[in-house]
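Spelled out, the chains give:
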Number of protein chains: 2
Amino acid sequence: MPRLTLRIDFDNGSQIGHGKIRLLELIAEHGSISSAAREMGMSYRRAWLLTDELNRMFRSPVLETQHGGSGGGAARLTSFGHAIVGHYRAFEAQSMKLFGKQLAELERDLVDREHRPGGV
Amino acid sequence: MPRLTLRIDFDNGSQIGHGKIRLLELIAEHGSISSAAREMGMSYRRAWLLTDELNRMFRSPVLETQHGGSGGGAARLTSFGHAIVGHYRAFEAQSMKLFGKQLAELERDLVDREHRPGGV
């Protein structure tokens, strides 16, 4: 089944897409930015910069951190952070429900992978 | 008004997103890959590789080209290519119609740009 990924571009230049949302979900799951970064194959620095960007993006913070040893301490989503993740996943689920049939039709028009000598 | 951008990931690894669709639209408009590339600030080589990928992606070609001088000749979308662009833009328009209100609410939670000293 094809997958639909959404990116939201706000008027002020802020963006939310699959990467930031996945990072927030993994932080919620692991309670740590460094563990979430590791699972995404992302550097701790990159993950930290993304969470910092997310925390400055909205009037309310998206996550709360407690500084710990090397590699960062504990981190958890605020209720607003959980709401952002929930909105995004709801948009995604509703889109798939709406467009799933048309996407599946498009997929039937794809060339089979084994017939695409130079294809990705 | 926030903007929603969609990316479709098919099971075989093929992707269609805003960049490829915009390139197809500009090729349809200008009748040339090189003019479309120029308008997107993209190299001719990159644009050509993307159109080649699109043409190998589906059972039917997405665009037809006539080789010309340096910088490439004429190019036009096939009816299938127009259909792909149409599907994508319809998904986008329907998503905005559905989620526009919620997105506008999210936007109201954004920090004003002038209040974000380190923001993007």
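Presented here is a report on the structure given in the accompanying data block. Remember, predicted model here, so these are calculated numbers, not experimental data.

1. Let's talk about the interface of chain B and chain A
Listed as interface residues are 39 residues of chain B and, on the opposing side, 39 residues of chain A. The contact between chain B and chain A buries some 4,100 Å² in all, and 56% of this surface belongs to carbon and sulfur atoms. Viewed at the interface, chain A and chain B are joined by 19 residue pairs in polar contact (both at pLDDT 80 or more). Broken down by secondary-structure element, the contributors of at least two residues to the side of chain B that touches chain A are β1 (3-9), α3 (44-57) and α4 (79-108) of chain B. The greatest single-element share of the side of chain B that touches chain A, amounting to 13 residues, is contributed by α4 of chain B. Its residues placed into classes, the side of chain B that touches chain A shows 18 nonpolar, nine polar and 12 charged. Sheet topology places strand β1 (residues 3-9) of chain A next to β1 of chain B; seven bridges connect them, and they run antiparallel.

2. Details of the layout of surface pockets
Its volume calculated, the largest pocket comes out at about 210 Å³. Forming the walls of the largest pocket are 14 residues, and the residues nearest its centre are L6, R7, G17 and H18 of chain A together with R7 of chain B. When residues of the lining of the largest pocket are traced back to their parent elements, those giving at least two are β1, β2 (15-16) and α1 (18-30) of chain A together with β1 of chain B. Across the lining of the largest pocket, the residue classes tally to three nonpolar, eight polar and three charged.

3. Things to note about the packing of helix α1 (residues 18-30) of chain B against helix α2 (residues 33-40) of chain B
When two helices pack together, their arrangement is given by the angle between the helix axes and by the axis-to-axis distance. All names here are of chain B. Across the interface, α1 lies against α2 with an axial gap of 8 Å and an inter-helix angle of 125°. It follows from the interaxial angle that α1 and α2 lie oblique. Of the two elements, α1 crosses α2, and the hand of that crossing is right-handed. Counting all contacts with α1, which are made through G19, R22, L23, L26, I27 and H30, the residues of α2 involved are I33, S35, A36, A37, E39 and M40. Its residues placed into classes, the contact of α1 with α2 shows seven nonpolar, three polar and two charged.

4. Some words on α1 of chain A
All names here are of chain A. End to end, α1 covers 18 Å across 13 residues, agreeing with the expected 18 Å (1.5 Å per residue, within 8%). Contact partners of the buried residues in α1: β2, α2 (33-40), α3 (44-57), β3 (63-65), β4 (75-77) and α4 (79-108). Positive phi appears at G31, one or two residues downstream of α1, with a value of about 70°.

5. Quick look at the pairing of β1 of chain B
The side chains of a regular strand alternate, residue by residue, between the two faces of the sheet. Counting buried residues along β1 of chain B, five of its seven residues qualify, which places the element largely inside the surrounding structure. Between β1 of chain B and strand β2 (residues 15-16) of chain B, which pair antiparallel and follow one another directly, the connecting turn spans five residues, one of which, G13 of chain B, has a positive phi of 100°.

6. Topic: α2 of chain B
Residue and element names in this part refer to chain B. Along α2, the residues that are buried comprise I33, S34, A36 and A37. Seen along its axis, α2 keeps its buried residues to an arc of 160°; they face one direction. Those residues of α2 hidden inside the fold are in contact with α1, α3, β3 (63-65) and β4 (75-77).

7. As for the pattern of salt bridges
Residue and element names in this part refer to chain A. Summed over the entire model, instances satisfying the criterion amount to 16 salt bridges over all chains. In this structure, D52 engages R56 in a salt bridge whose closest nitrogen and oxygen atoms are separated by 2.9 Å. Remark: R56 and D52 occur in helix α3; sequence separation between them is four residues, near one turn of the helix. Among the residues examined, D52 registers a relative accessible area of 22% and is labelled partly exposed.

8. Quick look at empty space enclosed by the protein
Residue and element names in this part refer to chain A. Here the structure, examined in full by the defined rule, presents two cavities of 30 Å³ or more. The computed volume of the second largest cavity comes to approximately 60 Å³. Contributing to the lining of the second largest cavity are 10 residues, with I33, Y44, T65, H67 and G73 lying nearest its centre. The residue makeup of the lining of the second largest cavity, split by class, is five nonpolar, five polar and no charged.

Criteria and cut-off values
- Residues numbered from 1 in each chain as written.
- Chains lettered and ligands numbered in written order.
- Predicted model: local features only at pLDDT ≥ 70, side-chain atom pairs only at ≥ 80, totals over all residues.
- Heavy atoms only, no water.
- Contact = heavy atoms within 4.5 Å.
- Buried area = accessible area lost by both parts, 1.4 Å probe.
- Polar contact = N/O pair within 3.5 Å; in protein donor to acceptor, adjacent residues only side chain to side chain.
- Helix = DSSP H or I, 4+ residues; strand = E, 2+ residues; numbered from the N terminus.
- Nonpolar A, V, L, I, M, F, W, Y, C, P; charged D, E, K, R; others polar.
- Pairing = 2+ DSSP bridges.
- 1 Å grid on protein atoms, 1.4 Å probe; cavity = no way out; pocket = protein on both sides within 12 Å on 5 of 7 lines; lining within 4 Å.
- Points joined across faces, edges and corners; volume = space filled by probe spheres on them.
- Axes fitted to C-alpha atoms, helices over the stretch in contact; angles between N-to-C directions.
- Parallel < 35°, antiparallel > 145°, perpendicular 65-115°, else oblique.
- Left-handed = near helix turned anticlockwise from the far one by under 90°.
- Expected span 1.5 Å × (residues − 1).
- Buried < 20%, exposed > 50% of the residue type's maximum accessible area, 1.4 Å probe, protein only.
- Arc of directions from axis to C-beta.
- Salt bridge = Lys/Arg side-chain N within 4 Å of Asp/Glu carboxyl O.

These results come straight from atomic positions and should not be treated as a statement about function.
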